[in-house]
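The residues making up each chain are set out below.
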Amino acid sequence: MAEIHHTQHQPYGGGVSHYQQQQHVSPRVHQAVKAATTITAGGSLLILSGLTLAGTVIALTIATPLLVIFSPVLVPAAITLFLLATGFLMSGGFGVAAVTVLSWIYRYATGGHPPGSDSLDQARDKLGYKARDMKGRADHATGGMGLHARADM
């Protein structure tokens, strides 16, 4: 009887994903990048929340006297209350979004498994594979004469 050998297709790099190789190579650098990303994303959202709150207060400060002078009393009061409520709700919403994103990133960075992390890992692996594939195609198209060969010219 003839033997049939089944080979299992493994990802580029001998079965170990680029992400796993990167974790084994430099875990401290990887954690530093995660921390920088967390701080940047969370800080940006918190700054956006603060700017919205400040803009609301400034807009109310400027608009309230004009509305009171040029309109009946009930109309500017209603508009002012609407602007005040909208500004505080937006500010609070941005704050909640910032805390939620920070919490998700923290759980992901500390090795937790937050919702959506599988698709993020999958997308990162696909991008890494495509980048290596395109590099290989470029090397093949130039006949292996990449940047190193051009430096000699």
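Quick caveat: nothing in here was measured; it's all calculated off a predicted structure.

Engineer: Would you mind going over the overall build of the chain with me for this structure?
Structural biologist: A count of helices and strands for the chain gives 5 helices and 0 strands. Along the chain, from the amino end to the carboxyl end, the secondary structure elements read α-α-α-α-α. Here the chain, with 153 residues, has 14% of them falling under the buried criterion. Looking at the chain as shown, the accessible area adds up to about 11,800 Å², and 70% of this sits on carbon and sulfur atoms.

Engineer: So what exactly am I meant to see when it comes to the confidence of the model for the chain here?
Structural biologist: Low pLDDT means the predicted atomic positions in that stretch should not be read closely. Averaged over the chain, the pLDDT score is 79; the fraction of residues at 70 or greater is 76%. Predicted confidence for residues 5-11 stays below pLDDT 50, and this span has 1 contact to residues more than four positions away or in other chains.

Engineer: What is the right way to read helix H3 (residues 74-109) from this model?
Structural biologist: In an α-helix there are 3.6 residues to a turn, and that puts residues three or four apart on one side. The terminal C-alpha atoms of H3, which comprises 36 residues, lie 52 Å apart, in line with the 52 Å expected from a rise of 1.5 Å per residue. Listed in full, the buried residues belonging to H3 are Pro76, Thr80, Gly87, Ser91, Gly95, Ala98, Ile105 and Tyr108. Two residues or fewer past H3, Gly111 is found with a positive phi of approximately 95°.

Engineer: When you look at helix H2 (residues 27-70) in this model, what are you seeing that I'm missing?
Structural biologist: Helix length check: H2, at 44 residues, gives a terminal C-alpha distance of 64 Å against a target of 64 Å (1.5 Å per residue), a fit within 8%. Where H2 bends most, the angle comes to about 30°, and this point is Ala63, followed within four residues by the proline Pro65. Those residues of H2 lying buried are His30, Lys34, Thr38, Gly42, Ser49, Thr52, Thr56 and Leu60.

Engineer: Help me understand the side chain of Thr38 in this model?
Structural biologist: The residue Thr38 is located in helix H2 in this model. In this view, Thr38 contacts Gly43, Leu102 and Ile105; residues no more than four positions away in its chain are not counted.

Engineer: How do you make sense of the packing of aromatic side chains when you look at a structure like this?
Structural biologist: Aromatic rings considered in pairs are described by the distance between their centres and by the relative angle of their planes. Applying the stated rule across the entire model yields 1 aromatic pair. For the ring pair Trp104 and Tyr108, a centre distance of 5.4 Å and an interplane angle of 10° mean the geometry is stacked. Here the residue Trp104 and the residue Tyr108 both occupy positions in helix H3, the gap between them amounting to 4 residues, near one helical turn. For Trp104, a relative accessible area of 22% translates into the label partly exposed. Residue classification places Tyr108 among the buried positions, given a relative accessible area of 15%. A cation over an aromatic ring shows up here: Lys34 above the ring of Tyr108, its NZ or CZ 5.8 Å from the ring centre.

Engineer: Help me understand the side chain of Thr52, please; the structure alone is not making it clear to me.
Structural biologist: Relative to the elements of secondary structure, Thr52 occurs in helix H2. Those residues within four positions of Thr52 in sequence are excluded, and the remaining contacts are Gly87, Met90, Ser91 and Phe94.

Engineer: Teacher, can you tell me more about the pattern of salt bridges here?
Structural biologist: Opposite charge on two side chains allows them to pair when their charged atoms are near. This model, assessed by the stated rule, comprises 3 salt bridges. The salt bridge involving Arg124 is made with Asp121; its shortest N-O contact spans 2.9 Å. Taken as a pair, Arg124 and Asp121 lie in helix H4 (residues 117-141) at a separation of 3 residues, close to a single helical turn. According to the relative accessible area criterion, Arg124 is partly exposed, its value standing at 27%. Note that Lys135 and Asp139 form a salt bridge whose closest N and O atoms lie 3.4 Å from each other. Pair noted here: Lys135 and Asp139 are both in helix H4, with a separation of 4 residues, about one helical turn.

Engineer: Help me understand the packing of H2 against H3, please; the structure alone is not making it clear to me.
Structural biologist: When two helices pack together, their arrangement is given by the angle between the helix axes and the distance between those axes. Across the interface, H2 lies against H3 with an axial gap of 9 Å and an inter-helix angle of 175°. Considered as vectors, H2 and H3 are oriented roughly antiparallel to each other. Its residues placed into classes, the contact of H2 with H3 shows 22 nonpolar, 10 polar and 1 charged.

Analysis parameters
- Residues numbered from 1 in each chain as written.
- Predicted model: local features only at pLDDT ≥ 70, side-chain atom pairs only at ≥ 80, totals over all residues.
- Heavy atoms only, no water.
- Helix = DSSP H or I, 4+ residues; strand = E, 2+ residues; numbered from the N terminus.
- Buried < 20%, exposed > 50% of the residue type's maximum accessible area, 1.4 Å probe, protein only.
- Areas by Shrake-Rupley, 256 points an atom, 1.4 Å probe, with all protein chains shown as cover.
- pLDDT = per-residue confidence, 0-100.
- Contact = heavy atoms within 4.5 Å.
- Expected span 1.5 Å × (residues − 1).
- Bend = angle between axes of the 7 residues up to and from the residue.
- Phe/Tyr/Trp six-rings, centres within 6.5 Å; stacked < 30°, edge-to-face > 60°.
- Lys NZ or Arg CZ within 6 Å of the ring centre and 35° of its normal.
- Salt bridge = Lys/Arg side-chain N within 4 Å of Asp/Glu carboxyl O.
- Axes fitted to C-alpha atoms, helices over the stretch in contact; angles between N-to-C directions.
- Parallel < 35°, antiparallel > 145°, perpendicular 65-115°, else oblique.
- Nonpolar A, V, L, I, M, F, W, Y, C, P; charged D, E, K, R; others polar.

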